Amino acid sequence: LSLGKAKTTMFPYQMPELPPVLAPFAEIIRLHWKPFLKIVRAEEGGRPWQSRLGGQIPYWPADFTYPRNPDDEPLLFLLQLNFADMPPLPGFPTQGLLQLFVDWGQGQFLHYESKAMGHYHPDLCTDPELLLDAASVNALLYNHTKPLPMPGAVAKSVKNPGPLAFQPASAPPDETDYLYEIMFPEHARLPQSAEYESSDNPKEEEKRKLAAYHRSPAKEYYRLTEAGLCSTVGGYARFPQRDDPRQYLPQGHDWMVLVKLMEEPDFGMRWGDVQELHVFIQRQALLQHDFSNLWLKLAS
């Protein structure tokens, strides 16, 4: 699952020393240990090219054509990532600006799988005279014969849009990502309990069983995955119903998490009924910085 050795040394976080109960699984855990960036709210910087989630598209060079679907409907702006202001992440660009858009899909994009589109600006324009202001953006979007629907699913789901900051982290996949089943197939599951001294007292027996569970390989592994239970750039997916759609694709492992958005109070962000929004990208496309073919999936 490596994206290549060229950039892996740039990321500061490595796998920590594992607890003894996970020693027999160290090799497979190390193989699937992955760095990612945790998404958090940042202070407003006032720059149109600052990383940002939700709201109106902030960065618009004069020669930029806003993306539309085959029905000529404007797509919804989801977020933008300024890679130069982010900690380096293996396989990702180290400069330029990526803007992500989602297809409105007749107003129902949160209800099923949908298309997403990325527009990558490899070179930033910082000349104010060559950037459109908010009024000009509105004029272009809303004076069209097929205007952008409002308030829109993104506006409803990100009620407090704002700038982004990023914290480096790393973790293996949790049990809801289909790769977990590959790591630990049915005949090699992580043990759910550890040894304990039995007792004739039922209450004492339950206490010892619970204590053994918290010392078990399964519980210790879960603690390793907790770092990834957040909105991320990169990292692993999270499908609480364990219905990761990639498991049904012949080359499902080629689809990687580009962005994962979970419920985040700082942004007033909530996707459906406590769901996670994923934007996937194919491995080779990421390495080539080609963000034209993305896959959006809402996990419930």
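Residues numbered from 1 in each chain as written. Predicted model: local features only at pLDDT ≥ 70, side-chain atom pairs only at ≥ 80, totals over all residues. Heavy atoms only, no water.

Asker: So what exactly am I meant to see when it comes to the side chain of S51 here?
Answerer: Inspection of the secondary structure puts S51 in the loop between strand 1 (34-41) and strand 2 (52-53). Apart from the residues within four sequence positions on either side, S51 is in contact with Q80, L81, N82, M86, P163, L164 and F166. (Helix = DSSP H or I, 4+ residues; strand = E, 2+ residues; numbered from the N terminus. Contact = heavy atoms within 4.5 Å.)

Asker: Can you help me understand the packing of aromatic side chains in this one?
Answerer: The geometry of an aromatic ring pair is captured by two quantities: the separation of the ring centres and the angle between the planes. Under the defined criterion, the tally for this structure stands at 14 aromatic pairs. Between the aromatic rings of F77 and F101, the centroid separation amounts to 5.9 Å while the plane-to-plane angle is 65°, which identifies the pairing as edge-to-face. Highlighted residues: F77 in strand 3 (residues 76-82) and F101 in strand 4 (residues 97-102), separated in sequence by 24 residues. Of the two residues, F77 and F101, neither departs from the other in class, the shared state being buried. Judged by centre distance (5.6 Å) and plane angle (55°), the rings of Y120 and F291 are tilted. Pair noted here: Y120 is in strand 5 (residues 114-121) and F291 is in the loop between helix 7 (283-287) and strand 10 (294-299), with a separation of 171 residues, a long-range link. The exposure class assigned to Y120 is buried, which follows from its relative accessible area of 18%. Positioned above the aromatic ring of Y236 is the side chain of K34, whose terminal nitrogen or guanidinium carbon lies 4.5 Å from the ring centre. (Phe/Tyr/Trp six-rings, centres within 6.5 Å; stacked < 30°, edge-to-face > 60°. Buried < 20%, exposed > 50% of the residue type's maximum accessible area, 1.4 Å probe, protein only. Lys NZ or Arg CZ within 6 Å of the ring centre and 35° of its normal.)

Asker: Looking at this model, I keep getting lost on the pattern of salt bridges. Mind explaining?
Answerer: Between side chains of opposite charge, a pair can form as their charged atoms come close. Counting across every chain of the model gives ten salt bridges. For E44, the salt bridge goes to R52, with nearest N and O atoms at 3.0 Å. For E44, a relative accessible area of 51% puts it in the exposed group. A salt bridge links D174 to R238, with the nearest nitrogen and oxygen atoms 3.3 Å apart. Of this pair, D174 sits in the loop between strand 6 (162-171) and helix 4 (179-183) while R238 sits in the loop between strand 7 (232-234) and strand 8 (255-261); the two residues are 64 residues apart in sequence, bridging distant segments of the chain. You can call D174 buried: its relative accessible area is 8%. Residue class for R238 comes out partly exposed when judged on its relative accessible area of 22%. A single salt-bridge network, built from bridges that share partners, covers D174, R238 and E276. (Salt bridge = Lys/Arg side-chain N within 4 Å of Asp/Glu carboxyl O.)

Asker: Mind showing me how you'd approach the nonpolar core here?
Answerer: A general trend in soluble globular proteins is that nonpolar side chains are found buried together. If you look at the biggest cluster of nonpolar residues, it comprises 36 residues, and the most contacted ones within it are L78, L81, L100, V233, L258 and L261. Leave out the neighbours within four places in its chain, and L81 touches S51, M86, G96, L97, L98, L164, F166, V233 and V259. (Core = buried A, V, L, I, M, F, W, Y, C linked by side-chain atoms within 4.5 Å.)

Asker: I tried to follow the environment of L124 on my own but got confused; where do I start?
Answerer: Relative to the elements of secondary structure, L124 occurs in the loop between strand 5 and helix 2 (134-142). Spatially, the C-alpha atom of L124 lies 8.8 Å from that of Q95, the residues being 29 residues apart in sequence. Dropping the residues within four chain positions of it, L124 is found in contact with W49, Y59, N82 and L97.

Asker: Honestly, unusual backbone geometry in this entry has me stumped. Any pointers?
Answerer: For residues that are not glycine, phi is negative in most cases, and the peptide bond is trans in most cases. Of note, the phi angle at R242 is positive, near 55°, even though the residue is not glycine. Take R242: it is sitting in the loop between strand 7 and strand 8. Residue class for R242 comes out partly exposed when judged on its relative accessible area of 45%. With a phi angle near 55°, H289 is a residue other than glycine that sits in the positive phi range. You can see H289 is positioned in the loop between helix 7 and strand 10. Relative accessible area serves as the criterion here: at 28%, H289 is assigned to the partly exposed category.

Asker: Honestly, the pairing of strand 10 in this entry has me stumped. Any pointers?
Answerer: The side chains of a regular strand alternate between the sheet's two faces. Along strand 10, six of the six residues are buried, which leaves the element largely enclosed by surrounding structure. Alternating residues of strand 10 divide into L294, L296 and L298 and W295, K297 and A299, and every residue in both groups is buried. The pairing of strand 9 (residues 276-282) with strand 10 spans five bridges and is antiparallel. Counted as the bridge partner of V279 is L296 from strand 10. (Pairing = 2+ DSSP bridges.)

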